[in-house]
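# Close look at the chain arrangement
Listed below are the residues making up each chain.
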Amino acid sequence: MHFCPVHIYAFVLFKTILALAGDGRNEITVGAIFYENEKEIELSFDQAFREVNNLKFAELRFVTIKRYMPTNDSFLLQQITCELISNGVAAIFGPSSKAASDIVAQIANTTGIPHIEYDLKLEATRQEHLNHQMSVNVAPTLSVLSRAYFEIIKTNYEWRIFTLIYETPEGLARLQDLMNIHALNSDYVKLRNLADYAGDYRVLWKEADETFHEHRIILDCEPATLKELLKISVDFKLQGPFRNWFLTHLDTHSSGLKDIYNEDFKANITSVRLKIVDPNPFERKKTRISKVDQILGNQTMLPILIYDAVVLFANSARNIIAAMQPYHPPNRHCGSPSPWMLGPFIVNEMKTISEDDVEPHFKTENMKLNENGQRTQFNLEIYKPTVNEPLMVWTPDNGIKRRHISLDLGDSGSTQDFSVQRKVYTVVTHYEEPYFMMKEDHENFRGREKYEGYAVDLISKLSELLEFDYEFMIVNGNGKYNPETKQWDGIIRKLIDHHAQIGVCDLTITQLRRSVVDFTVPFMQLGISILHYKSPPEPKNQFAFLEPFAVEVWIYMIFAQLVMTLAFVFIARLSYREWLPPNPAIQDPDELENIWNVNNSTWLMVGSIMQQGCDILPRGAHMRILTGMWWFFALMMLSTYTANLAAFLTSNKWQSTIKDLAGLIEQDEVSYGSMRGGSTSLFFSESNETDYQRAWNQMKDFNPSAFTTTNKEGVARVRKEKGSYAFLMETTSLTYNIERNCDLLQIGDQIGEKHYGLAVPLGADYRTNLSVSILQLSEKGELYKMKNKWWKNHNVTCETFHEVDGDELSIVELGGVFLVLAGGVLTGVILGIFEFLWNVQHVAVEERVTPWQALKAELCFALKFWVPKKPLRISGSSDKSSSRRSSGSKQKSRSKTAS
């Protein structure tokens, strides 16, 4: 079908007439004030009224009057406002927060014209609320926004230490609740204003990295400034792994971070924005995207909020005007004596209308105003601005919940997220057996392969479960607190400064350490006990039966016996009573015989000292006195020997009187101490138990000092001082040293209960994953296997000794008695052999036989045990003579005669 020019002109004329004549609906004039650079906000404003007019609400048609502000001039703003009112506007939108004056709100309050705001502004005071009764603001209130940030940081992120950086007073107001987390304690929350570093932002980032050692930064700045700030922070490694940023501006996503985002940005950067209504998946997609569609699709806050402000006013005005026919337009000048009648009703309707009753729908979720016209209900979307990835949603009523990501995320996921790549953890530790040690052949390895120990195995297992890489950092000590400087050292220091991400060794979980670092669940349970020296058993003495008397006592006894023997012989020769006839049958003998010769006197002395007596006794009184005194001496010596022997038997094995900590406290011969500044000394110093306090006071008073710098030094001191020093240490290290040193022992039971755990910086988000993995290793028995590997498997074998009671003597100690017996028997046998050979020689001479014949005859007779009587002659020679007797027989006869 073809149109001629006449038809075209007629059609245009018809449309013009319709436009001039109107569509029969009531026209509602609406005014808006924009600044010259707010073109996107203006386009969204126009689009909103275009969509509202297309719906033809209750025969209403909205006409807009727009005015522009070149500068922030309060006088000019007042003139523009009055001009709009003179044009009969039923509402005034704007201006944005660039306006420093509230003149529009005051004029609207006087004239009864609804005033709609759409930008973040500082909270109004109570008096200001009275002057702004006709004003409503669809932008979130800063107080609720601050509460949202508080819940995100404190509840979800669990940040306790961070730095707050703000640019504007509004930005500071958004962070006011975060400043109350620790009441502005400079050790936890550091507050900085960007204006103080406007000359050079590098000073700010250098301070954050080198002075604060900050790994968590909360930044509130305008999107135009954000890109430059983050780009400079890269040079100070603030965008490295394990760094965390939270950007609080609601337009962070429009700052163009994607333009500078690269692999240098490994930090975890999150931000928030107003949650828009999820699109209807069944809605027909537009084939042509206009510029205003792109503006609204970018989710920039002000264009979206002015759209919602238009929808809110249009629906509220529709409801009020439809209910209060006929329509009465507002007065047309600022100085009107009475305000517009419908204005307060429209404002009240805007405060109470439901988001389900508006058309078109709001762009943002959860639109609701309070009685002061402030928006206290809104939803925030937590997302990653670098890759536009939604994470969670915050709502005022339900807090934070996981975001259910739809299939249509626009360009989400099109950019690689460098913050989720495999991380390399720096694990800080120190040399301590058996937790962390150098391999014997460490020269053949490089990197972390040079080390071995329980901590090395534990980190290796965790890296397999959590899929991370790691490298070791070695320091001196676990971490001691200096109360004078209020500083930590060792592992704790590195974690506070964020130079390492995990601390592992024999690191005890204490309340003081938990105030500066976080701990995982324990991987080992332990206590405190006493390490002492175990004296080796004294070598057994074969002549232990001689020990009841000193050597000089034995010498004096032998000497006394010799003297008494000689004195007895001499005095006996002086006594006439001791001279008797050799043969009692002869009444008048020619000679007398004294039986107290050296042999008999010696036999009497020995028999007396042995308590055996003798078959011959003295006759004279003085001899009997002398014998009685010797018997008294023998009785005293024997009784004393017996008593001392019994005492020696009960004390021949030393037993320590120290059985536990109480015994250690009560004695004063053994000093004791612990590692200075360690968790063991902290346990005693802070305990309220009486015994523990006494022990701590005694440890402080010992001179020289009983404290050591390391556990290794304490163990070495116990071994060096050989029983005069005891060391209080954790049972795990104590057991390890006892297993490998045979001269060490544990005294008493375990004191208290302690735990070892992995330390991480405060608020580290990977602490939970580490704890879960440790629990998994425990349930699988891996922790038990690792402990057995490093505590039980060793090449040291201690010699075991048979422990006997103190009142018993072993065969070794009584061996000397058997040796004396054997020596006496051997001496008697040797003397008997010599005497036998001497008698054989005499028999051979007297019986005129060869010595061999005599020896053979005597030996054969001696072996005949069943023959009780011996003949006078036993040799078989031809010149036997019955008159001869062997010399042995003669001697026997003489002996009998003498008797």
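The sections below set out a description of the structure shown in this document. (Residues numbered from 1 in each chain as written. Predicted model: local features only at pLDDT ≥ 70, side-chain atom pairs only at ≥ 80, totals over all residues. Heavy atoms only, no water.)

## Examining the pairing of strand β9 (residues 244–247)
As a reminder of what qualifies: Per-residue accessibility, obtained with a 1.4 Å probe over protein chains only, is compared with the maximum for each type, and a residue is labelled buried under 20%, exposed over 50%, and partly exposed between these values. Secondary structure elements are taken from DSSP: a helix is a run of H or I of four residues or more, a strand is a run of E of two residues or more, and numbering for both begins at the N terminus. Only when DSSP finds a minimum of two bridges between them are two strands counted as paired. The definition of a right-handed crossover adopted here requires that, viewed with the strands pointing away, the path from the first strand over the helix to the second runs clockwise.
Across the two faces of β9 the burial is the same, with Asn-244 and Phe-246 and Trp-245 and Leu-247 all buried. Here 4 bridges tie strand β8 (residues 216–220) to β9, and the two strands are oriented parallel to one another. Of the residues in β9, the one forming a bridge with Arg-216 is Asn-244. Where the polypeptide runs from β8 across helix α10 (residues 223–233) and back to β9, its parallel neighbour, the crossover connection is right-handed. In terms of strand pairing, β9 meets strand β10 (residues 268–274) through 4 bridges, oriented parallel.

## Here we look at the side chain of Ser-601
For clarity, the cut-off: Pairs of N or O atoms within 3.5 Å make up the polar contacts considered here, provided that, within protein, one atom can donate a hydrogen while the other can accept it, and that residues adjacent in sequence are counted only when both atoms are side-chain atoms. Contacts were defined at the residue level, with two residues in contact if any of their heavy atoms lie within 4.5 Å.
Mapped onto the elements of the fold, Ser-601 is located in helix α18 (residues 598–609). In this structure Ser-601 comes out as buried when scored by relative accessible area, which is 0%. Polar contacts involving the side chain of Ser-601 include one to the main-chain carbonyl oxygen of Asn-597, which spans 2.9 Å. Apart from residues lying up to four places away in sequence, Ser-601 is in contact with Thr-565, Phe-568, Val-569 and Trp-596.

## Brief notes about the nonpolar core
In summary, soluble globular proteins display a tendency toward joint burial of nonpolar side chains. Counted only if it meets this: Joining through side-chain atoms within 4.5 Å is the link that ties buried Ala, Val, Leu, Ile, Met, Phe, Trp, Tyr and Cys residues into a set, and such a set is a nonpolar core.
Formed by 93 residues in total, the largest nonpolar core has its most connected members in Phe-93 and Phe-313. Once you skip the residues sitting within four places of it in the chain, Phe-93 turns out to touch Val-30, Gly-31, Ala-32, Ile-33, Phe-45, Phe-49, Ile-116, Tyr-118, Ala-309, Val-310 and Phe-313. With 46 residues, the next largest nonpolar core counts Ile-459, Phe-468, Tyr-736 and Met-786 among its residues.

## Here we look at the pattern of salt bridges
Quick note on the threshold: A carboxyl oxygen of Asp or Glu within 4 Å of a side-chain nitrogen of Lys or Arg is what we treat as a salt bridge.
Within this structure, the stated rule accounts for 27 salt bridges. With a closest N to O distance of 2.8 Å, Lys-275 and Asp-278 form a salt bridge. A residue is classified by how much of its surface remains accessible, and Lys-275, at 3% relative accessible area, is buried. The structure contains a network of salt bridges with shared partners spanning Lys-39, Glu-42, Asp-46 and Lys-66.

## A short note on the packing of helix α17 (residues 551–574) against α18
Defined as follows: Axis lines are fitted through C-alpha atoms, for helices just across the contact stretch, and the angle between N-to-C directions can take any value from 0 to 180 degrees. When an angle is under 35 degrees it counts as roughly parallel; over 145 it counts as roughly antiparallel; between 65 and 115 it counts as roughly perpendicular; any other value is oblique. For any pair of crossing helices, the crossing counts as left-handed if the nearer helix is rotated counterclockwise from the farther one by less than a right angle, and right-handed if it is rotated clockwise. Each residue gets one label: Ala, Val, Leu, Ile, Met, Phe, Trp, Tyr, Cys and Pro are nonpolar, Asp, Glu, Lys and Arg are charged, and the others, such as Gly, are polar.
Contact pair α17 / α18: the axes reach a minimum separation of 9 Å and the direction vectors enclose 135°. With respect to α18, the element α17 is oriented oblique. Pair α17 / α18 crosses with right-handed handedness. Here α17 contributes Met-557, Gln-561, Met-564, Thr-565, Phe-568 and Val-569 to the contact with α18, which in turn contributes Val-598, Ser-601, Thr-602, Leu-604, Met-605, Val-606 and Ile-609. Class assignment of the residues belonging to the contact of α17 with α18 gives a composition of 9 nonpolar, 4 polar and no charged.

## Comments concerning empty space enclosed by the protein
Under the convention used in this document: Every definition here rests on a 1 Å grid over the protein atoms only: cavities are sets of points where a 1.4 Å probe fits but cannot get out, pockets are open sets enclosed by protein on both sides within 12 Å along at least five of seven lines, and lining residues have some atom within 4 Å of a point. Grid points are joined across faces, edges and corners, and a volume is the space filled by probe spheres set on the points.
Taken as a whole and judged by the stated rule, the model has 5 cavities of 30 Å³ or more. Met-675, Ser-679, Thr-680, Asn-711 and Glu-730 are, among the 13 residues lining the largest cavity, the residues nearest its centre. Only α21 (679–686) and β28 (725–730) provide two or more residues apiece to the lining of the largest cavity. Considered class by class, the residues forming the lining of the largest cavity number 3 nonpolar, 7 polar and 3 charged.

## With respect to the state of the cysteines
Rule in force here: By disulfide we mean two sulfur atoms from cysteines, separated by a distance within 2.5 Å.
In the structure shown here, the tally under the stated rule is 1 disulfide. Across the disulfide, Cys-82 is cross-linked to Cys-334 (sulfur-sulfur distance 2.3 Å). Classification of the bridge connecting Cys-82 and Cys-334 rests on its S-S torsion, roughly -125°, and on that basis the disulfide is left-handed. Taken together, the residues span a long stretch of sequence, with Cys-82 in helix α3 (residues 74–86) and Cys-334 in the loop between α12 (301–323) and α13 (342–352) at a distance of 252 residues. Using a relative accessible area of 22% as the deciding quantity, one classes Cys-334 as partly exposed.

## Considering the packing of aromatic side chains
Quick reminder of the rule: For Phe, Tyr and Trp, where Trp contributes only its six-membered ring, two rings pair if their centres lie within 6.5 Å, and the inter-plane angle classes them as stacked under 30 degrees, edge-to-face over 60, or tilted in between. Distance and angle both matter: a charge sits over a ring if NZ of Lys or CZ of Arg is within 6 Å of the ring centre and within 35 degrees of the ring normal.
All told, the structure shown has 39 aromatic pairs when counted by the stated rule. A centroid spacing of 5.0 Å and a plane angle of 75° characterise the contact between Phe-45 and Phe-49, whose relative ring orientation is edge-to-face. Here Phe-45 pairs with Phe-49, and both are found in helix α2 (residues 39–55), just 4 residues apart, close to one helical turn. Among the residues examined, Phe-49 registers a relative accessible area of 2% and is labelled buried. One aromatic cluster in this structure is built from Phe-242, Tyr-425, Tyr-431, Phe-436, Tyr-451, Phe-468, Tyr-470, Phe-472 and Tyr-766. Lying across the ring of Tyr-470, Arg-448 places its NZ or CZ 4.0 Å from the centre. A cation over a ring is seen here: Arg-717 above Tyr-725, with NZ or CZ 4.1 Å from the ring centre.

## A short note on the sheet that holds strand β1 (residues 26–35)
With mixed pairing, 7 strands are arranged side by side in an open sheet as β2-β1-β3-β4-β5-β12-β11. Edge positions in the open sheet fall to β2 (60–69) and β11 (368–369), since each of these has one partner strand only. Direction of pairing for β11 relative to strand β12 (residues 374–377): antiparallel, over a ladder of 2 bridges. In the strand pairing of β12, Lys-368 is matched with Gln-377. Of the strands in this sheet, β1, β2 and β3 (92–93) are in contact with α2, which crosses β2 at around 170°. Each of β1, β2, β3, β4 (115–117), β5 (135–140), β11 and β12 touches α12; the most contacted strand, β2, lies at about 140° to it.

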